[in-house]
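Topology and contacts: notes
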Amino acid sequence: MAGIYIHIPFCRRACHYCNFHFSTSGKQLNDFVAALLKEIRLQESFLAGETVETVYFGGGTPSLLPLDQLNNIIGELRQHFNIGPEAELTLEANPDDLNEAALAGWRSAGINRLSIGIQSFFEEDLRWMNRAHTAQQAIDLLPLALQYFPNTTIDLIYGTPGLTDEKWRQNVDRALALRIPHLSCYALTVEPRTALDALIRKQKSPPVNTEDQARQFLLLMQWLREAGYDHYEISNFALPGHRSRHNSAYWKGIRYLGLGPSAHSYDGRNRQWNIANNALYIRSLQQDTVPFEKEELTEEQQFNEFVMIALRTMEGISLSVADRFGNGQFGRQLRSHARKYLQQQWLQEINDHYILTSAGKLFADGIAADLFV
């Protein structure tokens, strides 16, 4: 099993909090697609012998792609990779791109899962984030999207200035009322060199309140547990049978190929990443060269990645897997460092796995870092 991630680096507007690689100018779109098609051909040996079970169009805003170009990309993928007959094909989309023609076109192209960037159902929040869509577009078009794509996930953001617990409850309740099968919910983070970072430093926006974020995360876990969702990864909740197969593969360390500028790839031992510059990416592919850097992960790095990723999941860290690293030494060190978190009840040991408790999930990154070798 393997996966493919495709980065579409174009957006209509720059959200204030976003630090992903993208451009708000579409002038290079046609040249980008031509370069991407060439990269697909040049990289066909990366997953040689593997069946690709997930394809994920991320960005950026992949729903900006004209349908003929999306069809060309999927056709090229099928020509050069063994895409499984039941493969999950996800397209990230914004509400302002949703209409019946687009939904029908994506479905006919082979997309079978949508990831819709809602973020909030309140207009004032969307304006503060500098989102391109309106609250009414999200409210009106989500039911239509679910008709075409029953397997749909939406993104929501909590911990933003002005988001009260009541407004957060209303955001979650609206998603639950539609019975959306998968939710990705993220605490607002202030990334360096973003517009939000500048606004806070210039005191034009209030800073993030971490106590509000922690409380809203605990409320979220309670509400979605009561609604029957599995909290299968720190930021992800799914009704039974609706976990993201693509993201789950990342968390299991399965091989994947990243295509497009800034996309990352992993073959089980080596990690590589494409240049995060559209013009240089296009120019390099015009010369039949994929512009990437590469590193071979040490055993310590592989162990630390395993700990970091596994700890975020519902299943937690398998101690038997941990014992395979460093001739068992890494597993012994892990047990020693975990002892204090077990005593604090931030970790629990269940069936030879270390699993975060609800309280521990508030400190997941710090706990993981302390468990590293």
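Residues numbered from 1 in each chain as written. Predicted model: local features only at pLDDT ≥ 70, side-chain atom pairs only at ≥ 80, totals over all residues. Heavy atoms only, no water.

Formally: UniProt positions are given in the numbering used here, feature names are shortened, and annotations may be inferred rather than shown by experiment.
As annotated in an unreviewed UniProt entry, the protein chain carries the name Heme chaperone HemW and comes from Candidatus Pseudobacter hemicellulosilyticus. Taken from UniProt, the Subcellular location (unreviewed entry) comment for the protein chain reads in full: "Cytoplasm". Looking at the Function (unreviewed entry) heading of the UniProt record, one finds this comment for the protein chain: "Probably acts as a heme chaperone, transferring heme to an unknown acceptor. Binds one molecule of heme per monomer, possibly covalently. Binds 1 [4Fe-4S] cluster. The cluster is coordinated with 3 cysteines and an exchangeable S-adenosyl-L-methionine."

A closer look at the overall build of the protein chain
Applicable threshold: In this description a helix means any DSSP run of H or I spanning at least four residues, a strand means any run of E spanning at least two, and both kinds are numbered starting from the N terminus. What makes two residues a contact is simply this: any of their non-hydrogen atoms within 4.5 Å. For every accessible area listed, the method is Shrake-Rupley and the probe measures 1.4 Å; residues are considered covered only by the protein chains on display. Charge counting follows a simple rule: Lys and Arg are positive, Asp and Glu are negative, and His as well as the terminal groups are ignored. Taken as the charge centre is NZ of Lys, CZ of Arg, CG of Asp or CD of Glu, depending on the residue.
Secondary structure summary: the protein chain contains 14 helices and 15 strands in total. With the C-alpha coordinates of the protein chain rotated into their principal frame, the extents come out at 55 × 50 × 45 Å. Put simply, 69% of the contacts in the protein chain that link residues at least 6 apart link residues at least 24 apart. Accessible surface computed for the protein chain: about 16,800 Å², of which carbon and sulfur atoms make up 48%. Here the protein chain contributes 35 positively and 42 negatively charged side chains, and the mean placements of these two sets differ by 2 Å.

Section: the sheet that holds strand 15 (residues 353-356)
Operational definition: Paired strands, as defined in this entry, are two strands with at least two bridges between them according to DSSP. Where helices are involved, their axes are fitted lines through C-alpha atoms of the stretch in contact, as for all axes, and angles between N-to-C directions lie from 0 to 180°.
Overall, antiparallel pairing links the 3 strands, which are arranged 13-15-14 in an open sheet. The sheet is open, and its two borders are formed by strand 13 (317-318) and strand 14 (347-350), each paired with just one other strand. On top of the sheet, helix 13 (residues 329-343) reaches strand 13, strand 14 and strand 15; it is set at about 115° to strand 14, its chief contact.

Some thoughts on the UniProt feature "domain: Radical SAM core" (unreviewed entry) in the protein chain
The sites that carry the UniProt feature "domain: Radical SAM core" (unreviewed entry) are, in the present numbering, residues 1-230. Between the end C-alpha atoms of residues 1-230 the distance is 24 Å, and the span holds 42% helix and 21% strand.

Considering the side chain of His133
Inclusion rule: We call two N or O atoms a polar contact when they sit within 3.5 Å, provided that within protein one can donate a hydrogen and the other can accept it, with sequence-adjacent residues counted only if both atoms are side-chain atoms.
Here His133 lies in the loop between helix 4 (123-129) and helix 5 (135-148). Separated by 3.3 Å, the side chain of His133 and the backbone oxygen of Ile118 make a polar contact. If sequence neighbours within four positions are ignored, His133 has contacts with Pro95, Asp96, Gly117, Ile118, Ser120, Leu126 and Ala138.

A short note on the pattern of salt bridges
Stated formally: Salt bridge criterion: a side-chain nitrogen from Lys or Arg within 4 Å of a carboxyl oxygen from Asp or Glu.
Counted under the stated rule, the structure contains 18 salt bridges. In this structure, Arg312 engages Glu233 in a salt bridge whose closest nitrogen and oxygen atoms are separated by 2.7 Å. Note that Arg312 is positioned in the loop between helix 11 (299-311) and strand 13 and Glu233 in strand 7 (residues 230-233), a separation of 79 residues in sequence. Here the salt bridges share partners, and the residues they tie into one network are Arg12, Asp96 and Asp97.

Details of the pairing of strand 6 (residues 182-187)
Examined bridge by bridge, strand 5 (residues 152-158) and strand 6 share 6 bridges and lie parallel to one another. By the bridge assignment for strand 6, Tyr158 is matched with Ala187. Of the pairings in the sheet, the one linking strand 6 to strand 8 (residues 236-238) comprises 3 bridges and is antiparallel in character. Paired with Ser184 across the bridge in strand 8 is Asn236.

A few points about helix 14 (residues 364-371)
Here is the rule we go by: Partly exposed describes any residue whose relative accessible area lies between the buried limit of under 20% and the exposed limit of over 50%, with all areas from a 1.4 Å probe on protein chains only and scaled to the type maximum. Here the arc refers to the set of directions running from the helix axis out to each C-beta atom.
Of all the residues in helix 14, the buried ones are Ala364, Ile367, Ala368 and Leu371. The buried residues of helix 14 all sit within an arc of 100° when viewed along its axis, so they share a single face. On its buried face, helix 14 is in contact with helix 11, strand 13, helix 13 and strand 15.

Structural notes on the packing of aromatic side chains
Operational definition: Two rings belonging to Phe, Tyr or Trp (six-membered ring only in the last case) form a pair when the distance between their centres is within 6.5 Å. Interplanar angles under 30 degrees mark stacking, angles over 60 mark edge-to-face geometry, and anything in between is tilted. To sit over a ring, a charge needs its Lys NZ or Arg CZ within 6 Å of the ring centre and within 35 degrees of the ring normal.
All chains considered together, the criterion is met by 14 aromatic pairs. Taken together, a centroid distance of 6.1 Å and an interplanar angle of 20° make the contact between Tyr5 and Tyr56 stacked. Of the two residues, Tyr5 sits in strand 1 (residues 2-8) while Tyr56 sits in strand 2 (residues 51-59), which places them 51 residues apart along the sequence. Side by side, Tyr5 and Tyr56 carry an identical accessibility label, which is buried. The interplanar angle of 40° and the centroid separation of 6.3 Å between the aromatic rings of Tyr256 and Tyr266 together place this pair among those described as tilted. Placement of Tyr256 in strand 9 (residues 256-259) and of Tyr266 in strand 10 (residues 264-266) is noted, with a sequence separation of 10 residues between them. In this pair, the class of Tyr256 matches that of Tyr266, namely buried. Linked through ring pairs, Phe303, Phe306, Phe325 and Phe330 together constitute an aromatic cluster. The residue whose ring lies beneath Arg174 is Phe121, and the NZ or CZ to ring-centre distance is 5.6 Å.

Some details on the environment of Ala2
Within the element layout of this structure, Ala2 appears in strand 1. Considered as a pair, Ala2 and Val55 are 53 residues apart in the sequence and their alpha carbons are 9.1 Å apart. In contact with Ala2, not counting residues within four places along its chain, are Leu47, Glu50, Thr51, Val52, Glu53, Thr54, Ile254 and Arg255.

Describing the nonpolar core
Quick note on the threshold: Think of a nonpolar core as a cluster: buried Ala, Val, Leu, Ile, Met, Phe, Trp, Tyr and Cys residues, connected wherever their side-chain atoms sit within 4.5 Å.
Membership of the largest hydrophobic core comes to 92 residues, with the highest contact counts inside it found for Phe57 and Trp106. If one sorts the elements of this core by residue count, helix 1 (residues 29-42) sits on top with 7 residues. Ignoring any residue separated from it by four or fewer positions in sequence, one finds Trp106 in contact with Ser63, Leu67, Leu70, Leu91, Ala93, Asp97, Leu98, Ile111, Leu114 and Phe149. Membership of the second largest hydrophobic core comes to 7 residues, among which are Cys15, Tyr17, Met129 and Leu196.

Quick look at the packing of helix 6 (residues 165-177) against helix 8 (residues 210-226)
Note the following rule: Under this scheme an angle from 65 to 115 degrees is roughly perpendicular, one under 35 degrees roughly parallel, and one over 145 degrees roughly antiparallel; angles in between are oblique. In this scheme the crossing of two helices becomes right-handed for a clockwise turn of the near helix relative to the far one and left-handed for an anticlockwise turn of less than a right angle.
Packing of helix 6 against helix 8 brings their axes to within 11 Å, and their N-to-C directions diverge by 30°. In terms of orientation, helix 6 lies roughly parallel with respect to helix 8. Crossing geometry of helix 6 relative to helix 8 is assigned as right-handed. Residues Asp165, Trp168, Arg169, Val172 and Leu176 of helix 6 form the contact with helix 8, whose own contacting residues are Arg215, Gln216, Leu219, Leu220, Trp223 and Leu224.

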